[in-house]
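Structure at a glance
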Amino acid sequence: MKMDLNAIIEKMETGDQDAALTALQTFNKEKSQCFSFTPGEEEDRERLGELVLGFLQRDLQPSCQLACLETIRILSRDKKSLVPFATRHAMQILIRHAGLSQGEGFTPEIPDLEVIVEALKCLCNIVFNSEAAQEAGAELQLIVGLAERLKQCREPQWNHDVRFFDLRLTFLITALRVDVRAQLARELRGVSLLSEALDATLGLCWPDTYEVARAGFDGCSELPPLGRQETERAMEILKILFNVTFDSSRRKVDEEEAATYRHLGAILRHCIMSTSEGEERTEEMHSHTVNLLGNLPLPCLDVLLMPKVQQGSIEYIGVNMDAVKVLLEFMEKRLDRGNKLKETLLPSLNLLTESARIHRETRKFLRMKVLPPLRDVKNRPEVGNALRNKLVRLMTHIDTDVKHCAAEFLFVLCKESVSRFIKYTGYGNAAGLLAARGLMRGGRDPGHYSEDEDSDTEEYREAKPHINPVTGRVEEEQPNPMEGMTEEQKEYEAMKLVNMFDKLSREQVIQPMKIGADGKMTSLEPQELHYLASQQFGESNNSDSDKENKSDTG
């Protein structure tokens, strides 16, 4: 039976629990899939919200509590009718029904789990849509109640839905409130708390200090996929951890913090080596894992290399490279897809770059995979389907961040050696990074890199004298366009070109540049351009006249 809002409000205003239950159940069934609301009924929806909140303060049967909360969940989808739910008082009511209340003298009861889940769903909607509700939640110490229940991550009384929506609400409040994020990170020891929750969710055991295995599968080379529910909860935890560790990679950490982050890093290594039900879900979990790994202090990433080499492992110079290989494959898959590269590719590319910069074994392994000894010298570095070719193509991408990160990755793999960088990418592709770093004159950026030889292949050694450093490939010799010209003709053509540059510069179409004393690009003024051209030809003419004078006097 279809009921309009006024009829439902009338039933609620009678105060009769049975009449209210029937009316709300009808409304909830009719509007269960409603996400857009009729304009002009905002006041009626707000009135219904106030009445439902009033009912929730009474001693109700669980079925009526559930119906009231379902109604709030539906109404809270409408951002224009949130006023009744965003108050401190309303938030208090919902937090109590979610079993998250804090305060002196409060004895938490264990109400119906369905009621808890529905109250959590309401809080998620309201916190997401209302700044006032976010502020009220922070004042009411909502995060403390959530943290207390997170500590019970191994207790059997909480089902998947309670755990999942606890995590979803924690993610929302930490994403939207910087103060709550800081409170969880520091006061509530969020990294340790959430690491323990992730450990419990994945069902882990610890054969060694920083070596993780799935309980019951220790020593197995292939793990079964994670279940759907475990994957969902794990991803929520990864997202919350990303929020609370956002500044970790940019600050120094003490010994205790470093141990906490290494412990988390070991769990994240397990995440990146695990699969879920379906390729799409696996990639989503790996994406959250990569994002979080990028937040960890760089020295703590050594846990990626700590597990012992076992049968079936990828070994390089005695180190287990399984995790690095998976990260590289993940990055290449994102690169091949080509969609929203800034959001999808850069986290994994940055992670690999920084890992290679600080860990010698990682850099050498990645260099072997990405920049193997050059054999193909006939094609430009950006032509082809090898990973090097794909990354070099990115070095001229329209997005500045994308091209910078691709260049930085390759530069680090070359140990920040300009000559080696140009060898693998071509001067034309390398110019952007070299200009930004003041290395246009060559040389090397200071870095902590071990000495190892860049062994050239026979093909490269033979072709090296004929390689055009700008394009990075062997090119046929081109005829000299000035051959046969007199010096006067050459000077005329040169000055004609200078005047064209001058005109384009004055019209602000281009800006001629020069390499300054610091190796960085600086603007070249028109008078400097004329001076350089006239000086060159002046010297050339003087040299020719000197030769003529010498022959005359001979």
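Residues numbered from 1 in each chain as written. Predicted model: local features only at pLDDT ≥ 70, side-chain atom pairs only at ≥ 80, totals over all residues. Heavy atoms only, no water.

**Considering the overall build of the protein**
Check the secondary structure of the protein and you find 25 helices and eight strands. Looking at the protein as a whole, 47% of its 554 residues qualify as buried. Sequence-distant contacts in the protein: of pairs separated by 6 or more residues, those separated by 24 or more amount to 72%. Total accessible area on the protein is roughly 28700 Å²; 49% of this is exposed by carbon and sulfur atoms. (Helix = DSSP H or I, 4+ residues; strand = E, 2+ residues; numbered from the N terminus. Buried < 20%, exposed > 50% of the residue type's maximum accessible area, 1.4 Å probe, protein only. Contact = heavy atoms within 4.5 Å. Areas by Shrake-Rupley, 256 points an atom, 1.4 Å probe, with all protein chains shown as cover.)

**Digging into the environment of L188**
Tracing the backbone shows L188 in the loop between α10 (178–187) and α11 (190–202). Exposure remark for L188: the relative accessible area of 19% places this residue in the buried category. For the pair L188 and E148, spaced 40 residues apart in sequence, the C-alpha separation works out to 9.3 Å. Discounting chain neighbours no more than four positions away, the residues touching L188 are I143, V144, A147, Q183 and L193.

**Side note on the pattern of salt bridges**
Opposite charge on two side chains allows them to pair when their charged atoms are near. In total, this model carries 36 salt bridges according to the counting rule given. In this structure, the salt-bridge partner of E118 is R73, at a minimum N-O distance of 2.2 Å. Here R73 lies in helix α4 (residues 62–75) and E118 lies in helix α6 (residues 113–129), a separation of 45 residues in the sequence. Of the two residues examined, E118 and R73, each falls in the buried class. Salt-bridge contacts for R357 lead to E408; the nearest nitrogen and oxygen are separated by 2.9 Å. With R357 in helix α17 (residues 346–358) and E408 in helix α20 (residues 400–413), this residue pair connects regions lying 51 residues apart in the sequence. Classification of R357 as partly exposed rests on a relative accessible area of 26%. Each of E354, R357, E408, E416 and R437 takes part in a single network of salt bridges with overlapping partners. (Salt bridge = Lys/Arg side-chain N within 4 Å of Asp/Glu carboxyl O.)

**A word on the nonpolar core**
One broad trend across soluble globular proteins is that nonpolar side chains are buried collectively. Core analysis: the largest hydrophobic core is formed by 147 residues, its most contacted members being L48, F409 and F421. Setting aside its immediate chain neighbours within four residues, F421 contacts M395, A407, L410, F411, C414, G426, A430, L433 and L434. (Core = buried A, V, L, I, M, F, W, Y, C linked by side-chain atoms within 4.5 Å.)

**With respect to the packing of aromatic side chains**
Evaluated as defined, the whole model comprises four aromatic pairs. The positively charged end of R58 is found above the aromatic ring belonging to F55, 4.4 Å away from the centroid. One Lys or Arg, R77, reaches over the ring of F35 and ends 4.1 Å from the middle of that ring. (Phe/Tyr/Trp six-rings, centres within 6.5 Å; stacked < 30°, edge-to-face > 60°. Lys NZ or Arg CZ within 6 Å of the ring centre and 35° of its normal.)

**Here we look at the pairing of strand β2 (residues 211–214)**
Here β2 shows a buried face lined by E211 and A213 and a second buried face lined by V212 and R214. Two strands pair when backbone bridges link them, and strand β1 (residues 204–208) and β2 are joined in this way by three bridges, in the antiparallel orientation. Across the sheet, C205 pairs through a bridge with A213, a residue of β2. (Pairing = 2+ DSSP bridges.)

**Quick word on the packing of helix α12 (residues 228–244) against helix α14 (residues 279–293)**
Closest axis-to-axis distance for the α12/α14 pair is 9 Å, and the angle between their directions is 25 degrees. Regarding the angle of α12 to α14, the classification is roughly parallel. For the element pair α12 and α14, the recorded crossing hand is left-handed. For the pair α12 and α14, contact is made by R228, T231, E232, M235, L238, K239, L241 and F242 and by R281, E284, M285, H288, T289, N291 and L292, respectively. Residues that form the contact of α12 with α14 fall into these classes: six nonpolar, four polar and five charged. (Axes fitted to C-alpha atoms, helices over the stretch in contact; angles between N-to-C directions. Parallel < 35°, antiparallel > 145°, perpendicular 65-115°, else oblique. Left-handed = near helix turned anticlockwise from the far one by under 90°. Nonpolar A, V, L, I, M, F, W, Y, C, P; charged D, E, K, R; others polar.)

**Details of the packing of α6 against helix α7 (residues 131–139)**
Relative to each other, α6 and α7 sit at 115 degrees, their axes nearing to 5 Å. Residues I126, V127, F128 and N129 of α6 lie in contact with α7, whose contacting residues are E131, A133 and Q134. Among the residues forming the contact of α6 with α7, the class breakdown is four nonpolar, two polar and one charged.

**Points about unusual backbone geometry**
A positive phi angle, close to 60 degrees, is found at Q141, a residue other than glycine. For Q141, the location among the structural elements is in the loop between α7 and α8 (142–150).

**Re helix α15 (residues 322–337)**
Compared with the 22 Å implied by 1.5 Å per residue over 16 residues, the 23 Å span of α15 between its first and last C-alpha is a close match. Within α15, burial applies to D322, A323, V324, V326, L327, L328, F330, M331, R334 and L335. At the exit of α15 stands G338, carrying a positive phi of roughly 75 degrees. (Expected span 1.5 Å × (residues − 1).)

**Section: the confidence of the model for the protein**
The predicted model of the protein has a mean per-residue pLDDT of 86, with 86% of residues at 70 or higher. Predicted confidence is poor over residues 104–108, with pLDDT under 50, and the contacts of this stretch with residues over four places away or in other chains come to one contact. Scored below 50 in pLDDT, residues 547–554 shows zero contacts in the model against residues more than four places distant or in partner chains. (pLDDT = per-residue confidence, 0-100.)

**Focus on a nonpolar patch on the surface**
Nonpolar side chains collect at one region of the surface, where L497, M500, F501, L504, V509 and I510 lie side by side and expose about 500 Å² of accessible area between them. Assessed through its relative accessible area of 44%, L497 is described here as partly exposed. (Patch = residues over 30% accessible without salt bridge, like charges linked within 9 Å, V, L, I, M, F, W, Y side chains within 5 Å.)

**Let's talk about α14**
If you check α14, its first and last C-alpha atoms are 21 Å apart, about what 15 residues at 1.5 Å a residue would give, namely 21 Å. Residues T282, E283, M285, H286, S287, H288, T289, V290, L292 and L293 constitute the buried set of α14. Close packing links the buried residues of α14 with α12, α13 (255–273), α15 and α17.

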